[in-house]
Amino acid sequence: MKQNNPLPIKIALIAPPYPLSEFPSPPLGICYVAAACERAGAQVQLLDYIISEYSPEKLKNSLDDFQPDIVGTTSVTMNFQKTAEILKTVKKVHPHVITIMGGPHVSFDYENVLRSIPEIDIIVIGESEKTLLSLLPMVKDRSQWPIIPGIAFYENTGVVVTQHQPLIENLDELPLPARHLLNIHKYHTLGFPISIITSRGCPNQCIFCLGRRMVGQKVRYRSLETVVDEIESLMQMGFDLINIADDLFTANKKRVIQFCELIKERNLSFVWSAFSRVNTVDPEILSMMKSAGCYAVSFGIESGNPEMLKRIRKGITLDQARYAAKCCKASGIRTHASFMVGLPGETHNSLNDTLKFAESLDIEYGFHFLAPFPGTTVRENIHEYDLEILTNDWKQYDANQAIVRTSELSPQDIDQFVENWSKEQNDLWAQHLEAYQHGDPLEPHEKANVEEYHKRRFIFWLLSEDLIEKMGTFDSQTDHSLNALCQRISQQVIPKEPLMDIAFVQKHLTPLVDKQFIHCVPEASKHVWQW
C-alpha cells in the first residue's frame, strides 16, 4: 500500500519590532535563517513586525491562519524583552507550538533566559544555519534534543547545553537570504540601504564587541562571484543602495580590490557603504572602492585618548585614525567616525580628549554610549575594570543613554557630555523646524532636510500603524480612488501632525502608487488598497 509523504514542518519566523528611527535594513539574519529552514524542507512564513504594526491579536490571527509547528525568532539585547513577550503570547494562544530563539543576546545569556522564561523551548547558540539543519528533522522528538549540537533547553534537572556547533567553514554552502518572504515594497518605501555580507568573523579583540564571539575570530569569506551575483539580484529587485555589513570589510586588501574589479567588469552601477578600521585603509584601496561605487565608509575609533584605546584593546592609534580620515577625504568618500562614551576608567579629561580629537579629524562623527552586552569581555570581566553596570533592564541597552558609571563619572556626567555636544545642533534643527512650520525663509538645503524629515515621519506612521491595511478597504459602491484613500489616512495623521494635511498625504502617497508599491485590488463587493 502506497504511503503518503508526510507534510513539511511549518515554521513561522518572526522579525520582532525594531525602531524605524534606527534605519533598519531588510532583516538579514532572519532571512538567512529562513533560507536554512527552507533548505531543510520546511514551509516557512516570515512575520515581519519591523515594517508593520505588532499586536497580540494580529499575531494570533497569523498563527491561526498558518498553524505552524514551530515559531522562531531572533533578538538583540535592546529588543529582547519585547521579543520574549511575543513568544509568551505564542505559547498562550498555541501552547503546543515549539518556540525557538536565537541571536546574540540569548547566545550568551541562555541560562538566565531559560530559567526565567519557560515559554522559550530552545535557544540556538551562535551561528544558526547548520544547527537548524540538524534540529528541524528531530525537533518534535524531545528525546533527541540532547544530541543536536549548538542548542540549549530546560529540563527538570536544569539547563541543558549540547555540544559546541563548529562554525560553517565554507560560506558558499549557505543559501542566499530568503528575501522573497519579505514585503520588499515596504522596504523600498523606507528608502534605507539593503544589507549583504561578504564574510563572517572579526580578528580584533575590542572588549565591548560581540563580533568574534558570535561568528568567530577567523574571517571566513564568501566567493566574490557569489557576492556579486547576489548584488545583481538585489539590483533586479530595485535596490541600488547597498550596505556591506561585514564586521570588517577591509580586512583583506587584495580581496577588496578584486571585489571592486569584478563590479566594474560586470558594469554594475550602484552605490554602497562599508564598515572599516582605520588601520586597514590607504589611498590605493579607497581609490578603488570609490571607482566601484563606494560612497561612504564608517570607522569605529571609540576614543581620542591613547591610554583608553589600549584599555579597550582597540588595536589602533590616533595617527592611524588621522591618516585614514585624510585618505578618505582625498578620495572623495563620505567618512563617519563613531566614538564611545562611558568606557572603563572614563574621566572628564578622556572625554575632552575624545571631543578634541573628533573635531580635529574634520569628518562626520557621533557619540554612542557604552552598552555592556551579555557575552562581551567588559561585562564578563567587569571586576577588572573601573566600571559599574547600573541596570539589567535590557530596553535601556540602546546605546542612547548612560547605563554605567566610573569612579570619576556618574551616568549624569556622561549624559551631560553628549547633551552639551549635541545642543548646538539640536537647537539649530529646532529653529529650522519652527521656521518651516511658520513659513519663514530657509536655505534650500535646510528646507529640503526639514521636508525629508516630515516625509520620513509620515512613512513611519504609514508602516508602523498599518494605515494602508486599516484604511484601504472600500465598498464597491463608494469612491475608492487614491484621493479617497488619502482623505482617510490624513484624518488619522493630522491630529498628530497638523502639517500633514491632505495635500501632504497625497504628495507622498502618489509616488508609491506610481511605483506600484501600493495598488487597488477588486474583491467581490469591495476594493482593497494593499502593498
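It should be noted that the structure appears before, not after, this text.
Attention here is on the structure that accompanies the text.

Conventions we followed
- Residues numbered from 1 in each chain as written.
- Predicted model: local features only at pLDDT ≥ 70, side-chain atom pairs only at ≥ 80, totals over all residues.
- Heavy atoms only, no water.
- Helix = DSSP H or I, 4+ residues; strand = E, 2+ residues; numbered from the N terminus.
- Buried < 20%, exposed > 50% of the residue type's maximum accessible area, 1.4 Å probe, protein only.
- Contact = heavy atoms within 4.5 Å.
- Areas by Shrake-Rupley, 256 points an atom, 1.4 Å probe, with all protein chains shown as cover.
- Lys, Arg positive; Asp, Glu negative; His and termini not counted.
- Charge placed at Lys NZ, Arg CZ, Asp CG, Glu CD.
- Pairing = 2+ DSSP bridges.
- Axes fitted to C-alpha atoms, helices over the stretch in contact; angles between N-to-C directions.
- Expected span 1.5 Å × (residues − 1).
- Arc of directions from axis to C-beta.
- Salt bridge = Lys/Arg side-chain N within 4 Å of Asp/Glu carboxyl O.
- Phe/Tyr/Trp six-rings, centres within 6.5 Å; stacked < 30°, edge-to-face > 60°.
- Lys NZ or Arg CZ within 6 Å of the ring centre and 35° of its normal.

### A look at the overall build of the protein
Okay, so step 1: Assigned secondary structure in the protein consists of 19 helices and 20 strands.
Okay, so step 2: Taking the principal axes of the C-alpha coordinates as reference, the protein spans close to 75 × 65 × 50 Å.
Okay, so step 3: Taking all 531 residues of the protein together, 52% fall into the buried category.
Okay, so step 4: Look at the contacts in the protein between residues 6 or more apart in sequence, and 69% of them connect residues 24 or more apart.
Okay, so step 5: Of the roughly 24600 Å² of accessible surface on the protein, 49% is carried by carbon and sulfur atoms.
Okay, so step 6: Between the averaged position of the 51 positive side-chain charges in the protein and that of its 66 negative side-chain charges there is a distance of 4 Å.

### Points about the sheet that holds strand S18 (residues 473-475)
Okay, so step 1: With antiparallel pairing, three strands are arranged side by side in an open sheet as S18-S20-S19. Looking at the sheet topology across the chains shown, the edges are occupied by S18 and strand S19 (519-523). Averaged over all neighbouring strand pairs, the angle between strand axes comes to 25°, with direction disregarded.
Okay, so step 2: Examined bridge by bridge, S18 and strand S20 (residues 526-530) share three bridges and lie antiparallel to one another. Residue pairing across strands places Phe474 opposite His527, the latter belonging to S20.

### What to know about the sheet that holds strand S1 (residues 10-15)
Okay, so step 1: Read across the open sheet, the seven strands follow the order S2-S1-S3-S4-S5-S6-S7; overall the sheet is mixed. In the strand order of this sheet, the two ends are held by strand S2 (43-48) and strand S7 (158-161), each with one partner. Direction aside, neighbouring strands of the sheet carry axes that sit 25° apart on average.
Okay, so step 2: As paired elements, S1 and strand S3 (residues 70-74) share four bridges and run parallel to each other. Its bridge partner lying in S3, Leu13 is registered against Gly72.
Okay, so step 3: Across the sheet, helix H3 (residues 80-93) touches S1, S3 and strand S4 (98-102), and the angle it forms with S4 is around 170°.
Okay, so step 4: Running at roughly 150° to S7, helix H4 (residues 104-116) makes contact with S4, strand S5 (122-124), strand S6 (151-155) and S7 of the sheet.

### A closer look at the side chain of Thr77
Okay, so step 1: Residue position: Thr77 is located in the loop between S3 and H3.
Okay, so step 2: Judged by its relative accessible area of 4%, Thr77 falls in the buried class.
Okay, so step 3: Contact partners of Thr77, with chain neighbours within four places excluded, come to His105, Phe373, Pro374, Trp394 and Tyr397.

### Some thoughts on helix H13 (residues 348-361)
Okay, so step 1: In a regular helix each residue adds 1.5 Å, so 14 residues correspond to 20 Å; H13 covers 20 Å between its end C-alpha atoms and thus fits that length.
Okay, so step 2: Listing the buried residues of H13 in full gives Ser350, Leu351, Thr354, Leu355, Phe357, Ala358 and Leu361. Down the axis, H13 shows its buried residues gathered within 170° of arc, on one side only. Turned more than 90 degrees away from the buried face of H13, the exposed residues are Asn349 and Lys356.

### What about the pattern of salt bridges?
Okay, so step 1: Within the structure shown, the criterion is met by 30 salt bridges.
Okay, so step 2: Of the charged contacts in the structure, one is a salt bridge between Lys253 and Asp282, with a shortest N-O distance of 2.8 Å. With Lys253 in helix H9 (residues 253-265) and Asp282 in the loop between strand S12 (271-276) and helix H10 (283-291), this residue pair connects regions lying 29 residues apart in the sequence.
Okay, so step 3: By relative accessible area, which is 30% here, Lys253 ends up partly exposed.
Okay, so step 4: Through salt bridges with shared partners, one network takes in Glu127, Glu129, Arg200 and Arg220.

### Section: the packing of aromatic side chains
Okay, so step 1: One pass over the full model with this rule turns up 17 aromatic pairs.
Okay, so step 2: Measuring from ring centre to ring centre gives 5.3 Å for Phe367 and Phe417, while their planes differ by 80°; the resulting arrangement is edge-to-face. Here the residue Phe367 occupies a position in strand S15 (residues 364-369), and Phe417 occupies one in helix H15 (residues 411-437), the gap between them amounting to 50 residues. Neither residue differs from the other here; Phe367 and Phe417 are each classed as buried.
Okay, so step 3: An aromatic cluster is defined as three or more aromatic residues linked by ring pairs; in this entry it consists of Phe339, Tyr365, Phe367, Phe417 and Trp421.
Okay, so step 4: Taking NZ or CZ as reference, Lys10 lies 4.7 Å from the ring centre of Phe66, over its face.
Okay, so step 5: Residue placement shows Arg200 over the ring face of Tyr32; its charged tip is 5.2 Å from the ring centre.

### With respect to helix H16 (residues 444-464)
Okay, so step 1: Between the first and last C-alpha of H16 there are 30 Å, a value that for 21 residues agrees with the 30 Å anticipated at 1.5 Å per step.
Okay, so step 2: Looking at the buried residues of H16, the elements they touch are helix H6 (184-190), H15, helix H17 (467-471), helix H18 (482-493) and helix H19 (502-514).
Okay, so step 3: Where H16 terminates, the next one or two residues include Asp466, which has phi positive at roughly 55°.

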